[in-house]
Amino acid sequence: MISVLALLFLWMGVGFVLLGALGLARFPDLYNRMQAATKCVTLGVCGIMIGIFLRSGFNPLGVKALICAAFILLTVPVSSHALARGSLIAGVKLWKGTVKDEFTKDRGAEPIIEEEK
Amino acid sequence: MVPIIVLVPAALFCLYRALVGPSIADRAIAVDMMGVVFSAITALLALRFRLSYLLDLSIALAVISFVGALALAKFLEKRSLDD
């Protein structure tokens, strides 16, 4: 039973990581890519780590996997948030179909939207 | 062993984005994600060969990609590192 659950978590994680990386390669602009990659990869790697913990139980391997899952769950969203904020301030262009950019408006500037080709 | 082989294309997608990405932030997020994917691959290797010290390497990879991404974000905001 536990082993089936472990395999389920592991393959769910692998699938999420693969789809997130595919989104990172295929989406049209930086912010879309960042959203696909960050969310999917965080959830996927946490799933892989929980699968490893369930597979090996309470020994050094499993507990270290849990610690790694907690660390990734805390740090990846923080770093991607900082990068998104930094690239908005640095003026990376938004996709041409973008509807809203409240952050740039609050800073008193005009949103930089990519032109239609 | 099969999950590791399935994760290799994910790392290759990240590498593609890091090579062609139009802006610096694209490359930064791609390298960040590649570090996290490599940390997952290392953890799976640790499970496969029952070597618990490989998970220390996995945690170290996650820490390095986090610190690198934060430093690059500060650089993009045109602030100095001790600010």
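Residues numbered from 1 in each chain as written. Chains lettered and ligands numbered in written order. Predicted model: local features only at pLDDT ≥ 70, side-chain atom pairs only at ≥ 80, totals over all residues. Heavy atoms only, no water.

**Here we look at the overall build of chain B**
Turning to step 1, where the next piece is worked out: Along its length, chain B carries three helices and zero strands.
Turning to step 2, where the next piece is worked out: Scanning chain B from its N terminus toward the C terminus, one meets helices and strands in the order α-α-α.
Turning to step 3, where the next piece is worked out: Counting only C-alpha atoms, chain B reaches 45 × 30 × 10 Å along its principal axes.
Turning to step 4, where the next piece is worked out: Sequence separation of 24 or more characterises 44% of the internal contacts of chain B that already satisfy a separation of 6 or more.
Turning to step 5, where the next piece is worked out: If you average the places of the 7 positive and of the 6 negative side-chain charges in chain B, the two averages end up 9 Å apart. (Helix = DSSP H or I, 4+ residues; strand = E, 2+ residues; numbered from the N terminus. Contact = heavy atoms within 4.5 Å. Lys, Arg positive; Asp, Glu negative; His and termini not counted. Charge placed at Lys NZ, Arg CZ, Asp CG, Glu CD.)

**A short note on helix H3 (residues 60-90) of chain A**
Turning to step 1, where the next piece is worked out: Over its 31 residues, H3 of chain A runs 44 Å from end to end, which matches the ideal 45 Å to within 8%, given 1.5 Å per residue.
Turning to step 2, where the next piece is worked out: Phi turns positive, to about 90°, at Gly91 of chain A, one or two residues after H3 of chain A. (Expected span 1.5 Å × (residues − 1).)

**As for unusual backbone geometry**
Turning to step 1, where the next piece is worked out: Positive phi values are uncommon outside glycine, yet Arg50 of chain B reaches one of about 60°.
Turning to step 2, where the next piece is worked out: By the element assignment, Arg50 of chain B lies in the loop between helix H2 (24-49) and helix H3 (54-76).

**Brief notes about the state of the cysteines**
Turning to step 1, where the next piece is worked out: Overall, the coordinates contain zero disulfides over all chains when judged by the stated rule.
Turning to step 2, where the next piece is worked out: Considering cysteine sulfurs only, Cys14 of chain B is the nearest to Cys40 of chain A, which forms no disulfide, with 12 Å between them.
Turning to step 3, where the next piece is worked out: Residue classification places Cys40 of chain A among the partly exposed residues on the basis of a relative accessible area of 22%.
Turning to step 4, where the next piece is worked out: The structure places no disulfide on Cys46 of chain A, whose sulfur is separated from the nearest cysteine sulfur, that of Cys68 of chain A, by 8.6 Å. (Disulfide = S-S within 2.5 Å. Buried < 20%, exposed > 50% of the residue type's maximum accessible area, 1.4 Å probe, protein only.)

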